Amino acid sequence: MTVTQTPLWTALITPMHADGGVDFAALTRLLHEQAAAGNGITLLGSTGEGANLSLAERQAIIEHACRLQLNVPLMVGVGGLDLASQLDWLAFCETQPVSAYLLVTPIYAKPGAQGQQRWFQALLDAVSKPCMLYNIPSRSGVALAEAAIAALIGHPNFWAVKESGGNPLRFAELKSAFPQIAWYSGDDVWFAEHALLGAAGLVSVASNVWPQQVADIVAKGLAGEAIGAVLRETAESLFVAPSPIPTKALMHYQQRIASNVLRLPLCAEDLASLAPLLAADLQWAAA
């Protein structure tokens, strides 16, 4: 399966031991589980707590995933504030058989269109793989500027945008303005609307918990079939606390990971109750 033919990318969690170390045995199981469902895998995005891990840990995770030689593509998260560090990270990733990169808008600084354009230009120029730009203003503090997109159109490595702005009308406007690139839904709860608007696929948190079920829903949605509300309703439960806290809690309850530990500043105790998550899991079982 090629990058451009992949309709569903799972923004994979990073499983951890109770002492906070990366649980590579669990990571192996989760990677194989996603591959069995045919899902592309995004490593070290915000769901994977990429910004909270050390460079050595991130490198070890990429090397580990690549050694498995999965039959699905691997996309690697890239994002921060220090351009030199991101270029160093990409230089390492370029030595590995990864398939694509997810480039998030720079965090905290809230750059304008010129700053965004030059930031992304530097990253795109530094790699040899397809890149998906990531619009997530709720996390980065700034929206991906249309002028930056327009200036980058035509770059051979600019393949797609992950749109997580939470507004289907805006998704439609952007896709209409820039039809040359692929537009992916970055919101499980809005996927049904994005699919009707011509989304190329979904980058999903929910497929961590329900890999095959979400893959089936995405296939139906992209084929124009009615998919109902199960993905929207169950995905909402995964955001009752800062993500990926609920996702890890439910996967721990399912005994698919050994602990629900996260890296600070994320904290498992910020989830008030498992009840909405257990109800969501039962909803999939009844679907």
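Residues numbered from 1 in each chain as written. Predicted model: local features only at pLDDT ≥ 70, side-chain atom pairs only at ≥ 80, totals over all residues. Heavy atoms only, no water.

An unreviewed UniProt entry lists the protein chain under the name 4-hydroxy-tetrahydrodipicolinate synthase, with Deefgea salmonis given as the organism. Turning to the protein chain, the UniProt record has this under Subunit (unreviewed entry): "Homotetramer; dimer of dimers." The annotation that UniProt attaches to the protein chain under Catalytic activity (unreviewed entry) is "L-aspartate 4-semialdehyde + pyruvate = (2S,4S)-4-hydroxy-2,3,4,5-tetrahydrodipicolinate + H2O + H(+)". (UniProt positions renumbered as here; feature names shortened; annotations may be inferred.)

> Could you clarify how one ought to interpret the overall build of the protein chain in this entry?
Scanning the protein chain for helices and strands turns up 13 helices and eight strands. Computed over the C-alpha atoms, the radius of gyration of the protein chain is 18 Å, within 12% of the 19 Å expected from 2.2 N^0.38 for a compact globule of 287 residues. Its C-alpha atoms give the protein chain principal-axis dimensions of roughly 45 × 45 × 35 Å. Looking at the 287 residues of the protein chain, the share that counts as buried comes to 54%. The contacts in the protein chain between residues at least 6 apart in sequence include a share of 72% that link residues at least 24 apart. Surface summary for the protein chain: the accessible area is close to 11,700 Å², and the carbon and sulfur share equals 55%. The centroid of the 15 positive side-chain charges in the protein chain is displaced by 3 Å from the centroid of its 23 negative side-chain charges. (Helix = DSSP H or I, 4+ residues; strand = E, 2+ residues; numbered from the N terminus. Rg over C-alpha atoms; globule rule 2.2 N^0.38 Å. Buried < 20%, exposed > 50% of the residue type's maximum accessible area, 1.4 Å probe, protein only. Contact = heavy atoms within 4.5 Å. Areas by Shrake-Rupley, 256 points an atom, 1.4 Å probe, with all protein chains shown as cover. Lys, Arg positive; Asp, Glu negative; His and termini not counted. Charge placed at Lys NZ, Arg CZ, Asp CG, Glu CD.)

> I tried to follow the sheet that holds strand E2 (residues 40–43) on my own but got confused; where do I start?
Strand-to-strand pairing in sheets goes through backbone hydrogen bonds, with the strands running parallel or antiparallel. The eight strands are arranged E1-E2-E3-E4-E5-E6-E7-E8 in a closed barrel whose pairing can be described as parallel. Put simply, the sheet's adjacent strands are angled 25° from each other on average, direction ignored. The strands touched by helix H4 (residues 113–125) are strand E3 (74–78), strand E4 (100–104), strand E5 (131–135) and strand E6 (158–163); relative to E4, the strand with the most contacts, the crossing angle is about 165°. (Pairing = 2+ DSSP bridges. Axes fitted to C-alpha atoms, helices over the stretch in contact; angles between N-to-C directions.)

> Which parts of the structure should I look at to understand the UniProt feature "binding site: pyruvate" (unreviewed entry) in the protein chain?
According to UniProt, the "binding site: pyruvate" (unreviewed entry) feature falls on Thr 47 and Val 203. Spanning 157 residues, the annotated positions come together in the fold, the maximum distance between their C-alpha atoms being 10.9 Å. When you line up the elements, Thr 47 lands in the loop between E2 and helix H2 (55–67). Given a relative accessible area of 6%, Thr 47 falls into the buried group. The contact partners of Thr 47, leaving out residues within four places of it in the chain, are Ala 11, Leu 12, Ile 13, Thr 14, Val 205, Asn 208, Ser 243 and Pro 244. As for its position among the elements, Val 203 is in strand E8 (residues 201–204). Leave out the neighbours within four places in its chain, and Val 203 touches Trp 9, Ala 11, Thr 42, Met 132, Lys 162, Tyr 184, Ser 185 and Gly 186.

> Just checking my understanding: could you explain the UniProt feature "active site" (unreviewed entry) in the protein chain for this structure?
On the UniProt side, "active site" (unreviewed entry) is annotated at positions that read Tyr 134 and Lys 162 here. Spanning 29 residues, the named residues nonetheless gather at one spot, since no C-alpha pair among them exceeds 4.7 Å. Looking at where Tyr 134 falls in the secondary structure, it is placed in strand E5. For Lys 162, the location among the structural elements is in strand E6. The exposure class assigned to Lys 162 is buried, which follows from its relative accessible area of 6%. The residues contacting Lys 162, other than those within four sequence positions of it, are Leu 102, Met 132, Leu 133, Tyr 134, Asn 135, Tyr 184, Gly 186 and Val 203.

> Any chance you could explain the packing of aromatic side chains here in plain terms?
Aromatic ring pairs are reported here in terms of the distance separating the ring centres and the angle at which the planes meet. Inspection of every chain in the model, using the stated rule, returns five aromatic pairs. Considering the side-chain rings of Trp 159 and Tyr 184, the 5.7 Å spacing of their centres and the 70° angle between planes classify their relative orientation as edge-to-face. Placement of Trp 159 in strand E6 and of Tyr 184 in strand E7 (residues 182–185) is noted, with a sequence separation of 25 residues between them. Ring geometry for Trp 210 and Trp 284: centres 5.6 Å apart, planes at 40°, overall tilted. Pair noted here: Trp 210 is in the loop between helix H9 (206–209) and helix H10 (211–222) and Trp 284 is in helix H13 (residues 275–286), with a separation of 74 residues, a long-range link. Classification of Trp 210 by relative accessible area gives buried; the value is 2%. What links up through ring pairs into an aromatic cluster is the set Trp 9, Trp 159 and Tyr 184. Looking at Arg 58, its charged tip hangs above the ring of Trp 89, at a distance of 4.6 Å from the centre. In this arrangement the basic side chain of Arg 232 is found over the ring face of Trp 190, its NZ or CZ atom lying 5.0 Å from the centre. (Phe/Tyr/Trp six-rings, centres within 6.5 Å; stacked < 30°, edge-to-face > 60°. Lys NZ or Arg CZ within 6 Å of the ring centre and 35° of its normal.)

> I tried to follow H2 on my own but got confused; where do I start?
Note on helix geometry: an α-helix contains 3.6 residues per turn, so any two residues three or four positions apart are oriented the same way. With 13 residues, H2 extends 18 Å from end C-alpha to end C-alpha; this agrees with the ideal 18 Å at 1.5 Å per step. Residues of H2 that are buried: Arg 58, Ile 61, Ile 62, His 64, Ala 65 and Cys 66. Looking one or two residues past H2, Gln 69 carries a phi angle of roughly 50°, positive in sign. (Expected span 1.5 Å × (residues − 1).)

> Help me understand the pairing of strand E1 (residues 8–11) in this model?
A regular strand places its side chains on the two faces of the sheet in alternate fashion. The alternating pattern of E1 places Leu 8 and Thr 10 on one face and Trp 9 and Ala 11 on the opposite face, and all of these are buried. Bridging between E1 and E8 involves three bridges; their strand directions are parallel. Paired with Trp 9 across the bridge in E8 is Val 203. Between the parallel elements E1 and E2, the chain passes through helix H1 (residues 24–36) in a crossover that is right-handed. (Right-handed = clockwise from strand over helix to strand, strands pointing away.)

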